[in-house]
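If you want the building blocks of each chain, they are given just below.
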Amino acid sequence: MQSRDRDAIESNMEFMGLIIMQNKLKPDTPRVLKELGRANIRTVMVTGDNMLTAVSVARNCGMILPQDEVIIAEALPPKDGQVAQIHWLYTDDASKHLESASEIIDIKMENKGSGDGPHQKNHYHFAMDGKSFSVVTEHFQDLLSKLLLHGTVFARMAPNQKTQLVEAFQNMDYYVGMCGDGANDCGA
């Protein structure tokens, strides 16, 4: 099933109903995240969930404030003789693309403040999925530390990518604590 085209699988179907599922935050989550921020402990979300779901949860629990911008770093591997590329997309306005994050956003290498997010003139957060993380680690090493420093959401991450992410933070001299909810988080 993994290698089949989605259009082929979803053709000639009959709509029979709609199921709405909701994963609610645990009541203590926003309070705990706020407490970590007051202790100057930076938090990031690393999940196997869909990107937009993860960004929504990060907003709901206070990791990303309502006025903060979220920029998805969509990295594409080399293909058909073309070099690897990164597309910068705003989550709140899909039609708004950036040519280069460094042209538009003042990316600083240090993270000053109280630990509850980036503390510069423009409040923004990077988000990326596991595929993009792999491309960035292989083809854009010069951007990796900047993306990690301002990255808040890492979605669709495979278990080995979670481990690689923890190691990448440790290579930047971060002390890393990991809280997971399943066996797929054990490596990290």
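Everything below is about the structure printed above this text.
Conventions used here
- Residues numbered from 1 in each chain as written.
- Predicted model: local features only at pLDDT ≥ 70, side-chain atom pairs only at ≥ 80, totals over all residues.
- Heavy atoms only, no water.
- Helix = DSSP H or I, 4+ residues; strand = E, 2+ residues; numbered from the N terminus.
- Buried < 20%, exposed > 50% of the residue type's maximum accessible area, 1.4 Å probe, protein only.
- Areas by Shrake-Rupley, 256 points an atom, 1.4 Å probe, with all protein chains shown as cover.
- Pairing = 2+ DSSP bridges.
- Contact = heavy atoms within 4.5 Å.
- Polar contact = N/O pair within 3.5 Å; in protein donor to acceptor, adjacent residues only side chain to side chain.
- Salt bridge = Lys/Arg side-chain N within 4 Å of Asp/Glu carboxyl O.
- Lys, Arg positive; Asp, Glu negative; His and termini not counted.
- Arc of directions from axis to C-beta.
- Axes fitted to C-alpha atoms, helices over the stretch in contact; angles between N-to-C directions.
- Parallel < 35°, antiparallel > 145°, perpendicular 65-115°, else oblique.
- Left-handed = near helix turned anticlockwise from the far one by under 90°.

1. Observations concerning the overall build of the chain
Right, so step 1: Scanning the chain from N- to C-terminus turns up seven helices and six strands.
Right, so step 2: Put simply, the chain runs from its N terminus to its C terminus through helices and strands in the order α-α-β-α-β-β-β-α-β-α-α-β-α.
Right, so step 3: Looking at the 188 residues of the chain, the share that counts as buried comes to 32%.
Right, so step 4: For the chain, the accessible area works out to roughly 12600 Å², and carbon and sulfur atoms hold 51% of it.

2. Quick word on the pairing of strand 6 (residues 151–155)
Right, so step 1: Counting buried positions along strand 6 gives five out of five residues, so the element sits mostly inside the fold.
Right, so step 2: With two bridges joining them, strand 1 (residues 45–46) and strand 6 adopt parallel strand pairing. Across the sheet, the residue bridging to V46 is F154, located in strand 6.
Right, so step 3: As paired elements, strand 5 (residues 124–129) and strand 6 share four bridges and run parallel to each other.

3. Some details on the pairing of strand 5
Walk down a regular strand and you will see the side chains alternate between the two sheet faces.
Right, so step 1: In terms of burial, strand 5 is largely enclosed, as five of its six residues are buried.
Right, so step 2: Bridge count between strand 2 (residues 69–76) and strand 5: four bridges; the pairing is parallel. Bridge assignment links I71 to a residue of strand 5, and that residue is F126.

4. Re helix 5 (residues 130–139)
Right, so step 1: What helix 5 keeps buried is the set G130, S132, F133, V135 and V136.
Right, so step 2: On the buried face of helix 5, the contacting elements are strand 2, strand 3 (85–90), strand 5, helix 6 (141–149), strand 6 and helix 7 (159–171).
Right, so step 3: For helix 5, the N-terminal cap is D129; the gap from its side-chain oxygen to the backbone nitrogen of K131 is 3.3 Å.

5. Some thoughts on the pattern of salt bridges
Right, so step 1: Taken as a whole and assessed by the stated rule, the structure comprises two salt bridges.
Right, so step 2: Across the pair D28 and R31 runs a salt bridge whose closest N-O atoms are separated by 3.8 Å.
Right, so step 3: According to the relative accessible area criterion, R31 is partly exposed, its value standing at 46%.
Right, so step 4: Among the ionic pairs, E35 bridges to R31, the shortest N-O distance being 3.3 Å. Residue E35 and its partner R31 are both found in helix 2 (residues 29–38); the two are separated by four residues, about one turn of the helix.
Right, so step 5: For E35, a relative accessible area of 45% corresponds to the partly exposed category.
Right, so step 6: When salt bridges that share partners are traced, they join D28, R31 and E35 into one network.

6. Overview of the side chain of D68
Right, so step 1: Topologically, D68 is positioned in the loop between helix 3 (51–60) and strand 2.
Right, so step 2: For the buried residue D68, which engages in no salt bridge, the nearest side chain bearing the opposite charge is R59, 6.4 Å off.

7. What to know about helix 3
Right, so step 1: Within helix 3, the full set of buried residues consists of M51, A54, V55 and A58. For helix 3, the buried positions fall inside an angular range of 100° around the axis, keeping them on one side. Facing away from the buried surface of helix 3 by more than 90 degrees, the exposed residues are L52 and N60.
Right, so step 2: On its buried face, helix 3 is in contact with strand 1, strand 2, strand 5 and strand 6.
Right, so step 3: Regarding helix 3, its N-cap is N50, as a side-chain oxygen of that residue lies 2.8 Å from the backbone nitrogen of L52 further along.
Right, so step 4: One or two residues past the end of helix 3 sits G62, with phi positive at roughly 90°.

8. Considerations on the packing of helix 5 against helix 7
Two measures define how a pair of helices packs: the angle their axes make with one another and the distance between the axes.
Right, so step 1: Put simply, helix 5 and helix 7 touch, their axes get as near as 11 Å, and they point 50° apart. Taken together, the axis directions place helix 5 and helix 7 in an arrangement best described as oblique. The interaxial crossing formed by helix 5 with helix 7 has left-handed handedness. Residue-level inspection shows G130, K131, F133 and S134 of helix 5 in contact with helix 7, the latter providing Q161, Q164 and L165.

In short, shape yes, function no, at least from these values alone.
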